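# Observations on the model geometry
The chain contents come next:
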Amino acid sequence: MRINQEVINALKNKKPVVALESTIISHGMPYPKNYETALLLEKEIREKGAIPATIGIVEGEPVIGLSKEEIYQLATKDGVEKVSRRDLPIVVALKKWGATTVSATIILAEMAGIEVFATGGIGGVHRGASETFDISRDLKELGEHNITVVSSGVKAILDLPKTLEVLETEGVTVLSYQQPHLADFYSQDSGLPVDYVASHPREIANIIYARRQLSLKGGILVSNPCPKELALPIEKINPIIQEALKEAERKEIKGKAITPFLLGKIVELTKGESLETNIALVKSNALLAAEIAVAYSEVSQ
Ligand code: PSU
Ligand code: MN
């Protein structure tokens, strides 16, 4: 594993660091928006006083803190694998390029000692999971590692109530930032209650600290609603999600291909609107993650 020097120094000096994943770059957004967004997130995190560490796999080597050139490769290259826990050893052994999902990013972030991580929306229990058994590995890894993931709730293509049930089974603490309900990815509010509503990053930092003091293995999900200006109303986005799901069924798209297919289809059906929403929410999550990381580095000194 390679950790870039700036991240090593920050971790050594207990300075705030925010991890970012790379599946969103290689499989979650089209070029050039994927590349621009990846760089923008790093810039915003720095402006908040934290160090960004985008995580991915370069020719078989897990990298914590990818260079701009490596991010460009992940944004443009054909054949970049989408990497979850089960794929990690294959990509490493075959010296391939890999984009890490939330699940693999959590594993690598914890190995490096990074405790705060921002993404768009975590994976979860797919609609129809009682037939397909499709439940994202993201939930298990959240349950098993010392990590706080800032996300606009759970991707709206999923079954949110079932996902919350699995998070509860996994022992994940689910916090909502400044609104009473879990966020609904493109839309702001799912109407589903969470474990606690936090009104300030420092409050979240205190909860992370308490979880560590208790030596409770496992993570925290911070649900941050999409910024109002770019949120898409549920009534508008739900029929589009239904249409994308139907097409996926018709084309028999399954397994790791389903999430990238659905996100891409929704961008197409909304004529790019959902992509702008996705960028706005991931940016907002990166900012909040930086604020939490800064507050946590103060609380845990
Ligand atoms: N958030 C986004 N876009 C994405 C993802 C998150 O805004 O593409 C990615 C994350 O890497 C997450 C993955 O882990 O989608 C979920 O994939 P799956 O459903 O196959 O577990
Ligand atoms: Mn899956």
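Each chain carries its own residue numbering, running from 1 in the written order of its sequence. All chains are assigned letters beginning with A, and all ligands numbers beginning with 1, in the order in which they are written. This being a predicted model, a pLDDT of at least 70 is required before a residue's local features are given, and a value of 80 or more before pairs of side-chain atoms are given or counted; all residues contribute to the totals for chains, interfaces and linings. Calculated side-chain values reflect all of the structure's heavy atoms, with hydrogen atoms and water omitted.

### Here's the deal with the side chain of Glu-141
- Mapped onto the fold, Glu-141 is located in helix H8 (residues 137-144).
- The exposure class of Glu-141 is buried, given its relative accessible area of 0%.
- Residues adjacent in sequence count toward polar contacts only when both atoms are side-chain atoms; beyond that, a polar contact is any pair of N or O atoms within 3.5 Å, and within protein one must be able to donate a hydrogen and the other to accept it. A distance of 2.7 Å separates a polar atom in the side chain of Glu-141 from a polar atom in the side chain of Arg-137.
- When neighbours within four sequence positions are excluded, Glu-141 is seen to be in contact with Arg-85, Ser-103, Ile-106 and Ile-107. Secondary structure elements follow DSSP: runs of H or I no shorter than four residues count as helices, runs of E no shorter than two count as strands, and numbering proceeds from the N terminus. Here's how the labels work: a residue is buried when its accessible area is under 20% of the maximum for its type, exposed when over 50%, partly exposed in between, all with a 1.4 Å probe on protein chains only. Two residues form a contact once any of their heavy atoms are found within 4.5 Å.

### Some details on the pairing of strand E4 (residues 61-64)
- Strands are labelled as partners when DSSP assigns at least two bridges between them. Where strand E1 (residues 2-3) and E4 come together, 2 bridges link them in parallel fashion. Directly across from Arg-2, in E4, lies its bridge partner Val-63.
- Direction of pairing for strand E3 (residues 51-58) relative to E4: antiparallel, over a ladder of 4 bridges. Bridge assignment links Gly-56 to a residue of E4, and that residue is Val-63.

### Details of the nonpolar core
- Counting residues in hydrophobic clusters, the biggest one holds 100 residues, and the most contacted among them are Ile-114 and Val-222.
- Sorting elements by how many residues they give to this core places helix H13 (residues 273-299) first, with 13 residues.
- Residues within four places of Val-222 in sequence aside, it is in contact with Thr-148, Val-149, Val-150, Ser-151, Leu-175, Tyr-177, Ile-204, Leu-288 and Ile-292. The set of buried Ala, Val, Leu, Ile, Met, Phe, Trp, Tyr and Cys residues whose side-chain atoms join them within 4.5 Å is what this entry labels a nonpolar core.

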